[in-house]
Amino acid sequence: MPDELYPVPAEWARSARYDAAGYEKLYGRSLADPGSFWLEQAKRIDWIKRPEIAGDWSFDEADFHIEWFADGKLNVAANCIDRHLAGRGDQVAIIWEPDDPSEDARRFTYRELHAEVCRFANVLKSQGVKRGDRVTIYLPMIPEAAFAVLACARIGAIHSVVFGGFSPEALAGRITDCDSAVVVTADEGRRGGKRVPLKANVDAAADRAPALKTVIVVKATGGEVAMQNGRDVWYHDAAAGVAADCPVEAMNAEDPLFILYTSGSTGKPKGVLHSSGGYLLWASLTHELCFDYRPGDVWWCAADIGWVTGHSYILYGPLANGATTLMYEGLPNWPDASRIWQVVDRHRVHTVFTAPTALRALMKDGDAFVARTSRKSLKLLGTVGEPINPEAWRWYHEVVGEGRCPIIDTWWQTETGGAMIAPLPGATDLKPGSATKPMPGVDPQLVDEKGTVLHGATEGNLIITRSWPGQMRTVWGDHARFFQTYFTTYPGNYFTGDGARRDEDGYWWITGRVDDVINVSGHRMGTAEVESALVLHPMVAEAAVVGMPHEVKGQGIYAYVTLNAGVTADDALRAELVKWVRSEIGPIATPDAVQFAPGLPKTRSGKIMRRILRKIAEGDVSSLGDTSTLADPAVVDDLVANRVG
Ligand code: WTA
């Protein structure tokens, strides 16, 4: 069956920066002559010292290193703010839309953003923060989150933003791992009309995070919080005493900009570290290419700043490009399923960038919620975070965009800094469910299990053969783990952890993770993390967690739990375990199914056969494959008989 094809609308082909031939030329040059290509691209950045070298890297163990523009100097915040002051100081930089639609939106021009960020930077300095120090930011989606992030960049401190939905336990782990003495938080967050006790969570985390010395608290809701003398400071008190101007720190291109913790297939979440120059270039270039951003457009990335999508496409990319970026405090479906489209109308948004899981949830609520809004301002629609099923793609295209807005499906990862495979609106004919073609400089390949490169239309594991400027530089505090995780499976290449298919037209289709990472509502989750949380419970002897198909979330969390001898397995305990995981990690890790299992399918050497557990969770019990190598094949019958779902 031929793929459905949605050709580039004639108007886009005419008006966009790149048409099909333009893209081919750009891409070809990026691979043929990377040195001069990237030095030319580097001109989009305002350098304090312009670099003369582009990429200098090797993925080989003997000479492993990754550097971009290493002799350049810049300040990322100056690129996102100061350089726009002369030309567009009075243009709105950030539109902030509150959780509650009856409240007014707030707007900050580039000039106002400059003052806010300088003040925040001076507060950080007054609390002893210096260049290279780590600052943990645990804030809701309020303007201060943007100010805090950019303030760190301004003074050369390394920010580590922790999503406000993470538990005190998870927060403590992240504070401790990067040895961060300062946490910026708020009294409370608001989402969907509910309050999130952020400051109380920090208090609980502090008991387990000895590195923490100072908590800067933004008054967001005015809710009651306990302030600890000598440790906690109100942001507004500290800000009252500082100057409204703060000079920028001249940073080396390779100096770290931020750490962002993300889940892998083993162990604790890793602190993904991004650089200053290469990262900023990548965020800004991909934002311009994929979304053909034009001055005056209102851009809305509906992610949270706690994820990489929020870093690259709410803040760094759009602000570097002088855009008007919208920041939304709330949920896509509160007070009802019209909310996103009402925000679009309210602020005349040109581009919405969101996750397939949100689209699937809204789609379920019916078209009427969309139909009652105008959406005339929309010209592009983007998605990110997980494979988009063609049904959701078509709904986005037909119902939301009324057939006139190209869908920009961007494949990338926390590790990649920005989009890697994605269409260009004026260049790429679209196929629902395909992320289409690689960005300049990105050379994806498919390999089989043995690492043999596969050619033509086929399926395999997705590797990237060469470095690109936005690539992560290390795992914070564990460079060996960085090399081990990404460069040893297929030596000489970056292994993404994803599977993919390339079709006869050279289009890329991401098929999902091939490791023990699952993608729940577009959030990355290591099955090992959920397992360690479960076995911490005093009644649990052993746990194995796998993904299961889920209509809205994409994947759900299916947990097999073996209880200690003598413990009664009942619904009350099941509910308690669900609650336990939520409080250990956070609500995003809520198990969707818990099956009590007297035994897990293990090989004679004690290895859990996850393949079998995945099949049972998927309800695909007719093809469990060879179970004869199991130590006790009978456990499988019990698992099948007691499947939850
Ligand atoms: C998945 C989010 C298919 C993929 C930016 C990847 C996608 C993981 C897409 C990274 C997409 C992200 N199509 N799959 N457009 N975008 N993924 O680090 O499995 O939170 O490896 O970064 O999400 O998730 P992360």
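These numbers come from a predicted model, not from an experiment.

Draft legend 1. The arrangement of the overall build of the protein chain in detail. The secondary structure content of the protein chain amounts to 20 helices and 31 strands. Compactness check: the protein chain gives a C-alpha radius of gyration of 24 Å against a globular reference of 26 Å for 645 residues, within 12% of the reference. With the C-alpha coordinates of the protein chain rotated into their principal frame, the extents come out at 75 × 65 × 60 Å. Taking as baseline every contact in the protein chain between residues at least 6 positions apart, the subset at least 24 positions apart corresponds to 72%. For the protein chain, the accessible area works out to roughly 23900 Å², and carbon and sulfur atoms hold 51% of it. If the 66 positive side-chain charges of the protein chain are averaged to one point and the 82 negative ones to another, these points end up 3 Å apart.

Draft legend 2. Highlighting the pattern of salt bridges. A complete count under the given rule lists 40 salt bridges for this structure. For the salt bridge of glutamate 288 with arginine 44, the shortest nitrogen-to-oxygen distance reads 3.1 Å. You can see glutamate 288 sitting in helix 10 (residues 277–291) and its partner arginine 44 sitting in the loop between helix 3 (34–41) and strand 1 (55–58), a full 244 residues away along the chain. When salt bridges with common partners are traced through the structure, they connect Arg17, Arg44, Glu288, Asp292 and Arg294 into a single cluster.

Draft legend 3. Looking closely at the site of the ligand. Around the ligand sit 17 residues, and of these Asp409, Thr410, Thr414, Asp498 and Arg524 come closest. Separating a nitrogen atom of the ligand from a backbone N or O atom of glutamate 386 is a distance of 3.3 Å. Proline 387 places a main-chain nitrogen or oxygen 3.3 Å from a nitrogen atom of the ligand. Taking 520 Å² as the accessible area of the ligand by itself, protein coverage stands at 96%. Within the shell around the ligand, the residues separate by chemical class into six nonpolar, six polar and five charged.

Draft legend 4. Region of the structure containing the domain arrangement of the protein chain. The domain boundaries assigned to the protein chain delineate domain 1 (110–252) and domain 2 (521–642). Taking only C-alpha atoms into account, the centre of domain 1 sits 37 Å from that of domain 2. Overall, the association of domain 1 and domain 2 removes approximately 450 Å² of surface from exposure, summing both partners, and the carbon and sulfur fraction of that is 58%. Linking domain 1 with domain 2 are zero salt bridges. Taken together, the connections running from domain 1 to domain 2 amount to three residue pairs in polar contact (both at pLDDT 80 or more). Residue composition of the side of domain 1 that touches domain 2, by class: three nonpolar, two polar and one charged.

Draft legend 5. Local environment of the UniProt feature "binding site: CoA" (unreviewed entry) in the protein chain. Under the UniProt annotation, "binding site: CoA" (unreviewed entry) lies at Arg191, Gly192, Gly193, Lys194, Thr309, Asn333, Ser521 and Arg582. Spatial dispersion of the annotated residues is evident: they stretch over 392 residues in sequence, and the largest pairwise C-alpha distance comes to 23.8 Å. Relative to the elements of secondary structure, glycine 192 occurs in the loop between strand 9 (189–191) and strand 10 (194–196). Exposure remark for glycine 192: the relative accessible area of 12% places this residue in the buried category.

Draft legend 6. Main features of the UniProt feature "domain: AMP-binding enzyme C-terminal" (unreviewed entry) in the protein chain. What UniProt calls "domain: AMP-binding enzyme C-terminal" (unreviewed entry) maps, in this numbering, to residues 529–607. Overall, residues 529–607 shows 27% helix and 32% strand. The separation of its end C-alpha atoms is 18 Å.

Draft legend 7. Molecular detail of the packing of helix 6 (residues 143–155) against helix 11 (residues 308–320). Direction vectors running N to C along helix 6 and helix 11 enclose 60 degrees, while the axes themselves pass 11 Å from each other. With respect to helix 11, the axis of helix 6 lies oblique. The hand of the helix 6/helix 11 crossing is right-handed. Contact with helix 6, carried on its side by Ala146, Val149, Leu150 and Ala153, involves Leu315, Tyr316 and Leu319 of helix 11 and no other residues of that element. Looking at side-chain class alone, the contact of helix 6 with helix 11 contains seven nonpolar, no polar and no charged residues.

Draft legend 8. Structural view of the sheet that holds strand 8 (residues 182–186). Sheet architecture is open: eight strands sit in the order 12-11-8-6-7-14-15-24, paired in mixed fashion. Each end of this open sheet is capped by a strand with a single partner; those strands are strand 12 (232–234) and strand 24 (474–475). The sheet contacts of helix 6 involve strand 6 (134–138), strand 7 (158–161), strand 11 (214–218) and strand 14 (256–262), and relative to strand 6 the element is tilted by about 170 degrees. Together, strand 14 and strand 15 (270–275) form the strand contacts of helix 10, whose direction differs from that of strand 15 by roughly 85 degrees.

Draft legend 9. Spatial organisation of the packing of aromatic side chains. Enumeration over the complete set of coordinates arrives at 36 aromatic pairs. Judged by centre distance (6.3 Å) and plane angle (5 degrees), the ring pair of phenylalanine 258 and tyrosine 316 falls under stacked. Taken together, the positions of phenylalanine 258 in strand 14 and tyrosine 316 in helix 11 put the pair 58 residues apart, joining distant regions of the chain. Residue phenylalanine 258 is classed as buried on the basis of its relative accessible area of 0%. Over the aromatic face of phenylalanine 166 sits the side chain of arginine 174, whose NZ or CZ is 4.2 Å from the ring centroid. Directly above the aromatic system of tryptophan 509 lies the positively charged group of arginine 501, at a separation of 4.8 Å from the ring centroid.

Quick notes on the rules
Residues numbered from 1 in each chain as written. Predicted model: local features only at pLDDT ≥ 70, side-chain atom pairs only at ≥ 80, totals over all residues. Heavy atoms only, no water. Helix = DSSP H or I, 4+ residues; strand = E, 2+ residues; numbered from the N terminus. Rg over C-alpha atoms; globule rule 2.2 N^0.38 Å. Contact = heavy atoms within 4.5 Å. Areas by Shrake-Rupley, 256 points an atom, 1.4 Å probe, with all protein chains shown as cover. Lys, Arg positive; Asp, Glu negative; His and termini not counted. Charge placed at Lys NZ, Arg CZ, Asp CG, Glu CD. Salt bridge = Lys/Arg side-chain N within 4 Å of Asp/Glu carboxyl O. Near = heavy atom within 4 Å. Polar contact = N/O pair within 3.5 Å; in protein donor to acceptor, adjacent residues only side chain to side chain. Nonpolar A, V, L, I, M, F, W, Y, C, P; charged D, E, K, R; others polar. Domains from an automatic or database assignment. Buried area = accessible area lost by both parts, 1.4 Å probe. UniProt positions renumbered as here; feature names shortened; annotations may be inferred. Buried < 20%, exposed > 50% of the residue type's maximum accessible area, 1.4 Å probe, protein only. Axes fitted to C-alpha atoms, helices over the stretch in contact; angles between N-to-C directions. Parallel < 35°, antiparallel > 145°, perpendicular 65-115°, else oblique. Left-handed = near helix turned anticlockwise from the far one by under 90°. Pairing = 2+ DSSP bridges. Phe/Tyr/Trp six-rings, centres within 6.5 Å; stacked < 30°, edge-to-face > 60°. Lys NZ or Arg CZ within 6 Å of the ring centre and 35° of its normal.

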